[in-house]
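Structural overview for review
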Amino acid sequence: MLDLDMAPYAAFVWPAWGVSALVLAALTVRAVIASRKWKRELERLEKDQSATSDAAVSLRPQAAQSAIGPLK
Amino acid sequence: MSRPVDAEPRPPGLRGATRVLLERELDLAWSGGGGPLLACGFFACLTAVLPLAAGGDPRTLSPVAGGIAWLALALASLLSLERLFERDLEDGALDLLAIGHLPLESVVLIKALAQWIAVGLPLALTAPVAALALGLPVSLAPLAALSALIGGAGFALTGALGAALALGAKRGGLLIAVVVLPLFIPPVVFGAGALERAASGQSPAPALAFLTAYVLFAGVIAAFAGAAAVRNAQG
Amino acid sequence: MFGLSNPQRFMRFTGPLTPVLWTAAAVLLAVGTWLSFTVPADYQQGDTVRIMFVHVPAASLGLGAYAALGVSSFFALVFRHALADAAARAAALPGAAFTALALFTGSLWGQPMWGTWWVWDARLTSVLVLFLFYLGYMALRASIDDEQKGARAAAVLGLVGLINLPIVKFSVDWWNTLHQPASFLTPGASGLDPVYLPPFLTMLAAYGVLFAALWLTAIRTEIRRRRVLTLRARKALEA
């Protein structure tokens, strides 16, 4: 059933599928890498933020917490 | 010297304000180094170069003479678009225009009108000459001029929209071209189509009708979207 | 839908959803690919019919992404909604990629089938214009330094493009009736053998789910990015 001989159209079918696979993979990789990068950065900053604001709160109880809580 | 506060000069009114702005725009367009001549010169250069690229054979050129002329017209219309709003943004005149008598939508339209008169009209006169040089039958020259005239209005309006969108961007000239060329496609198709139809003996009226419809449509969109873009750029 | 317009609620809602979409996309792609290569070759088209299974989904999603971009731009402009703007921006690159794939695979399908790599009929020309539009959109966003201004300008362009594309399609169609292109240019959708429906529909669904995964992931990334920039700005002020 699976017959991979595309002759005489092999030169058309394989590039079409190959390039499609490559492009979709590249899109996916890029999206995932960017997502992780900013997620890490956000978590790092929010940890920093809560660390400094904890310190601030203990000294000055009326120091405001950030209006929007941490994003998951 | 004392003067009663309410003895101010009467404000010009909308018609007067329109006329003043139009005159200013035309002045600016014509004064800065021969605006219309530059566009016509560019058009002429394109007309000279394109046949060389295509081999110069009148048999290949003649059928596409109308189309090539329209392409050159579109490209030449892109000239001087960058400065349409940018100069005013830089020296603060745009802020004055925004708070002035005329609604910003009218300002956009008047600037486009000035662009049409200053650049589109000369191009419309040059277009038949160029098309004839490329092999268009002489009988079609008036049609070429007419379609270029109407199409030029479309290019001016859409071009003004592009110029407004690209305000404040780097590499404004190229950016405007990239943004605006997809929008130029309908008038180029209709305009070249009018010439094609006439060349094969049919009536160019439907094509001209569509071209006019596009211009009207572009007028509405350019006014509102262009004004929104200008407000955005001012911050 | 408007309930999701709060960024926090959006993040909470899409958090568990995105991995599901990615998994579903992977499964659908695997199944679709298998089906595409095990289905028998067409009587007329031979093995080139398999190209249809990557070509038509790519074209559909290129258009779909464009609609997503346009509608998001509308909400961004009218309601001045940051999430809508993020959605518009997130749709641009995937949409451009899908459209480019449609053009590329279409060429590869066209050459053995109809003997030509390209033809200027309404459909192909308007897809090319769509691709150019994506480029212009991304160029406009990238060229304006002020992010907010760039976003607003791009939203206007997104809307204008939405109106322009049907006009382009119509005008080129009108132009083509002048030139009477060969009618063989309607790819055999009308005479398609039902044996090709499973791979076709599976790949179409796969592309759709993949776009949804890419789009939502990009929106989430954009939300986080903006939050990071805000926090950094605040930190700089407090320092």
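Residues numbered from 1 in each chain as written. Chains lettered and ligands numbered in written order. Predicted model: local features only at pLDDT ≥ 70, side-chain atom pairs only at ≥ 80, totals over all residues. Heavy atoms only, no water.

When helices and strands are counted, chain A shows 1 helix and 0 strands. With 72 residues in all, chain A has 26% of them scored as buried. When the accessible area of chain A is evaluated, it comes to approximately 4900 Å², of which 64% is carbon and sulfur surface. (Helix = DSSP H or I, 4+ residues; strand = E, 2+ residues; numbered from the N terminus. Buried < 20%, exposed > 50% of the residue type's maximum accessible area, 1.4 Å probe, protein only. Areas by Shrake-Rupley, 256 points an atom, 1.4 Å probe, with all protein chains shown as cover.)

What follows deals with helix H6 (residues 104-134) of chain B. Where H6(B) bends most, at B:Gly120, the angle is about 35°, and the proline B:Pro122 comes one to four residues later. B:Gly135 occupies a position one or two residues after H6(B) and carries a positive phi of about 115°. (Bend = angle between axes of the 7 residues up to and from the residue.)

When the UniProt feature table is mapped onto this chain numbering, "transmembrane region" (unreviewed entry) sits at residues 12-33 of chain A. Between the end C-alpha atoms of residues 12-33 of chain A the distance is 32 Å, and the span holds 100% helix and 0% strand. (UniProt positions renumbered as here; feature names shortened; annotations may be inferred.)

What follows is about the interface of chain C and chain A. Tallying the contact residues gives 43 residues for chain C and 39 residues for chain A. Contact between chain C and chain A buries roughly 3800 Å² in total, counting both sides, with carbon and sulfur atoms accounting for 75%. Of all residues in chain C, C:Phe37, C:Arg224 and C:Arg227 bury the most surface against chain A, accounting for 19% of the area lost on that side. Note that A:Glu41 is salt-bridged to C:Arg232, the shortest N-O span being 2.8 Å. Taken together, the connections running from chain C to chain A amount to 3 residue pairs in polar contact (both at pLDDT 80 or more). (Contact = heavy atoms within 4.5 Å. Buried area = accessible area lost by both parts, 1.4 Å probe. Salt bridge = Lys/Arg side-chain N within 4 Å of Asp/Glu carboxyl O. Polar contact = N/O pair within 3.5 Å; in protein donor to acceptor, adjacent residues only side chain to side chain.)

In this approach the atoms are scanned with a rolling probe the size of a water molecule, which exposes any empty space left behind. This structure, assessed with the given rule, holds 5 cavities of 30 Å³ or more. Reported here for the largest cavity is a volume of approximately 130 Å³. Lining the largest cavity are 13 residues, with B:Leu183, B:Tyr214, B:Ala218, B:Ile221 and C:Val160 positioned closest to its centre. The set of elements that each furnish at least two residues to the lining of the largest cavity consists of helix H7 (141-165) and helix H9 (205-234) of chain B together with helix H5 (147-179) of chain C. The biggest single contributor to the lining of the largest cavity is H9(B), with 5 residues. Residue composition of the lining of the largest cavity, by class: 11 nonpolar, 2 polar and no charged. Of the pockets and cavities examined, the second largest cavity occupies roughly 90 Å³. Every residue lining the second largest cavity is counted, 13 residues in all, and those nearest its centre are B:Pro182, B:Leu183, C:Phe133, C:Gly161 and C:Asn164. Elements supplying a minimum of two residues to the lining of the second largest cavity: helix H8 (172-199) of chain B together with helix H4 (122-143) and H5 of chain C. (1 Å grid on protein atoms, 1.4 Å probe; cavity = no way out; pocket = protein on both sides within 12 Å on 5 of 7 lines; lining within 4 Å. Points joined across faces, edges and corners; volume = space filled by probe spheres on them. Nonpolar A, V, L, I, M, F, W, Y, C, P; charged D, E, K, R; others polar.)

Here the focus is a nonpolar patch on the surface. On the surface, a nonpolar cluster with roughly 420 Å² of combined accessible area is contributed by A:Leu2, A:Leu4, A:Trp14 and C:Trp34. The topology assignment puts A:Leu4 in the segment before helix H1 (10-59). With relative accessibility at 49%, the residue A:Leu4 sits in the partly exposed group. (Patch = residues over 30% accessible without salt bridge, like charges linked within 9 Å, V, L, I, M, F, W, Y side chains within 5 Å.)

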